[in-house]
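# Summary of structural features
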Amino acid sequence: MKYIRADRICFDPRLDMSRIFVEGWFQWLKQLTKDKEKLVRAFAHCFVLENYYVAVADGEVASFVAVTDRKSPFMALDKKVLRRELGLLRGTIAYGVVNKYLANPVYPFSLEAGTGSFDIVGTAPKFRGQGIGRGLMLEAIKDRDYGKYVIETYDTNHSAIRLYEKVGFREFKRVPEKNKRAGFDYAVYLGLEVD
């Protein structure tokens, strides 16, 4: 297993990353189309590679994480690409919804200077449960050199919470979700201080 910043590997990882992204968020993305390959093509363009770390196994991306200071983007959606792949209406909806809820989420608190944000974490199904996500997060923490880190998840995402706690994150805030159809009751915020 090799851990590396995504813009430093010798192949374009975006299609692999998009497959992981679509698999992980399919319960919401399927509102756009149930065709996973169409979704993969639609979102493959959007990953800002210098803000990602990937775990590579046998020439494919097994896992990825995005780490930013929330001043630089980790996703840059192109409305034209989304419309071409998903159609005018669905592409426009995808652009608005993904930008609002995933690519540009707003924390209910301000980030202190020197704090990094894990903005997205994903592992391919066949690599889950092997400690790859944990190793990749630790590698990103070592490389990025922030004094603190935060991450957001949901109360129903028990496997993510366990992963983040294994890395050393601890919950510090819960915010009730107002939309009862969201599939979760609380947004959960976890933090980590690095020595």
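Residues numbered from 1 in each chain as written. Predicted model: local features only at pLDDT ≥ 70, side-chain atom pairs only at ≥ 80, totals over all residues. Heavy atoms only, no water.

## A closer look at the sheet that holds strand S6 (residues 170–176)
Under the convention used in this document: The pairing criterion for strands is at least two bridges between them, as found by DSSP. Each helix is a run of DSSP H or I of at least 4 residues and each strand a run of E of at least 2, with the numbering of both proceeding from the N terminus. In this analysis an axis means a line fitted to C-alpha atoms, helices contributing only their contacting stretch, and an angle means the value between N-to-C directions, from 0 to 180 degrees. Working rule for contacts: check all heavy atoms of both residues, and any pair within 4.5 Å makes them a contact.
Spatial ordering of the open sheet is given by S1-S2-S3-S4-S5-S7-S6, a layout of seven strands whose pairing is mixed. On the outer flanks of this sheet lie strand S1 (2–5) and S6, each paired with one strand and no other. On average, adjacent strands in this sheet sit at an angle of 25° to one another, irrespective of strand direction. Two elements, strand S2 (residues 52–57) and strand S3 (residues 60–68), share six bridges in a ladder whose sense is antiparallel. Note on S3: the bridge partner recorded for Tyr 53 is Val 65. Those strands touched by helix H6 (residues 132–144) are S1, S2, S3, strand S4 (115–123), strand S5 (148–154) and strand S7 (186–193), and its axis lies near 40° from that of S3.

## What to know about the side chain of Glu 85
Examined against the element boundaries, Glu 85 turns out to sit in helix H4 (residues 79–86). Beyond its immediate stretch of four places on either side in the chain, Glu 85 contacts Lys 38, Arg 41 and Ala 42.

## A look at unusual backbone geometry
To keep it simple, the criterion reads: Note on exposure labels: buried denotes an accessible area under 20% of the residue type's maximum, exposed denotes more than 50%, and partly exposed covers the range between, all computed with a 1.4 Å probe on protein chains only.
Backbone geometry at Asp 58 places phi at a positive 50°, although glycine is not the residue there. Along the chain, the position of Asp 58 falls in the loop between S2 and S3. Residue Asp 58 is classed as exposed on the basis of its relative accessible area of 81%. Backbone geometry places Arg 70, a non-glycine residue, at a positive phi of 70°. Structurally, Arg 70 is set in the loop between S3 and H4. Under the relative-accessibility criterion, Arg 70 is labelled partly exposed at 27%.

## Overview of the packing of aromatic side chains
The cut-off we apply is this: Ring pairs are drawn from Phe, Tyr and Trp, using the six-membered ring of Trp, whenever the two centres fall within 6.5 Å, and their geometry is named by plane angle: stacked under 30 degrees, edge-to-face over 60, tilted for the rest. Over a ring means this: the NZ of a Lys or the CZ of an Arg is within 6 Å of the ring centre and within 35 degrees of the ring normal.
One pass over the full model with this rule turns up 14 aromatic pairs. Taking 5.6 Å as the distance between ring centres and 85° as the angle between the ring planes, the aromatic pair formed by Phe 47 and Tyr 52 counts as edge-to-face. Both residues of the pair, Phe 47 and Tyr 52, count as buried. Ring geometry for Phe 109 and Tyr 189: centres 5.4 Å apart, planes at 90°, overall edge-to-face. Linking Phe 109 in the loop between helix H5 (88–103) and S4 with Tyr 189 in strand S7, this pair joins segments that are 80 residues apart in sequence. For Phe 109, a relative accessible area of 22% translates into the label partly exposed. Ring-pair connections join several aromatic residues into one group, and the members of that group are Phe 21, Trp 25, Phe 43, Phe 47, Tyr 52 and Phe 64. Its guanidinium or amino end placed over the ring of Phe 26, Lys 36 lies 4.7 Å from that ring's centre, counting from NZ or CZ. Sitting over the face of the ring of Tyr 186, Arg 174 holds its NZ or CZ atom 5.8 Å from the ring centroid.

## Description of the packing of H6 against helix H7 (residues 158–167)
We count it as follows: If an angle is under 35 degrees, it is roughly parallel; if it is over 145, roughly antiparallel; if it lies from 65 to 115, roughly perpendicular; otherwise it is oblique. When the near helix sits turned anticlockwise from the far one by under a right angle, the crossing is termed left-handed; a clockwise turn instead gives a right-handed crossing. In this count, Pro and Cys sit with the nonpolar residues alongside Ala, Val, Leu, Ile, Met, Phe, Trp and Tyr, while Asp, Glu, Lys and Arg are called charged and the others, Gly among them, polar.
Where H6 contacts H7, the two axes come as close as 10 Å, and the packing angle between them is 45°. When the axis of H6 is compared with that of H7, the two are oblique. The element H6 and its partner H7 pack so that their crossing is right-handed. Along the contact surface, H6 presents Gly 133, Arg 134, Met 137, Leu 138 and Ile 141, while H7 presents Leu 163, Tyr 164, Lys 166 and Val 167. When grouped by side-chain class, the residues that make up the contact of H6 with H7 number six nonpolar, one polar and two charged.

## What to know about a nonpolar patch on the surface
Stated precisely, the cut-off is as follows: Like charges within 9 Å and nonpolar side chains (Val, Leu, Ile, Met, Phe, Trp, Tyr) within 5 Å are joined into patches, using only residues over 30% in relative accessible area that form no salt bridge. Here the Shrake-Rupley method, with its probe set to 1.4 Å, supplies the accessible areas, and only the displayed protein chains count as covering residues. Salt-bridge detection follows one rule: a side-chain nitrogen of Lys or Arg within 4 Å of a carboxyl oxygen of Asp or Glu.
On the surface, Leu 89, Ile 93, Val 97 and Tyr 101 cluster together into a nonpolar patch covering about 430 Å² of accessible area. Inspection of the secondary structure puts Val 97 in helix H5. Given a relative accessible area of 44%, Val 97 falls into the partly exposed group.

## With respect to the pattern of salt bridges
Counted according to the given criterion, the structure contains eleven salt bridges. With its nearest N and O atoms 3.4 Å apart, the salt bridge here joins Glu 37 to Arg 19. With Glu 37 in helix H3 (residues 36–43) and Arg 19 in helix H1 (residues 14–24), the pair connects residues that are 18 residues apart, well separated along the chain. One continuous salt-bridge network, built from bridges that share partners, spans Arg 41, Arg 84 and Glu 85.

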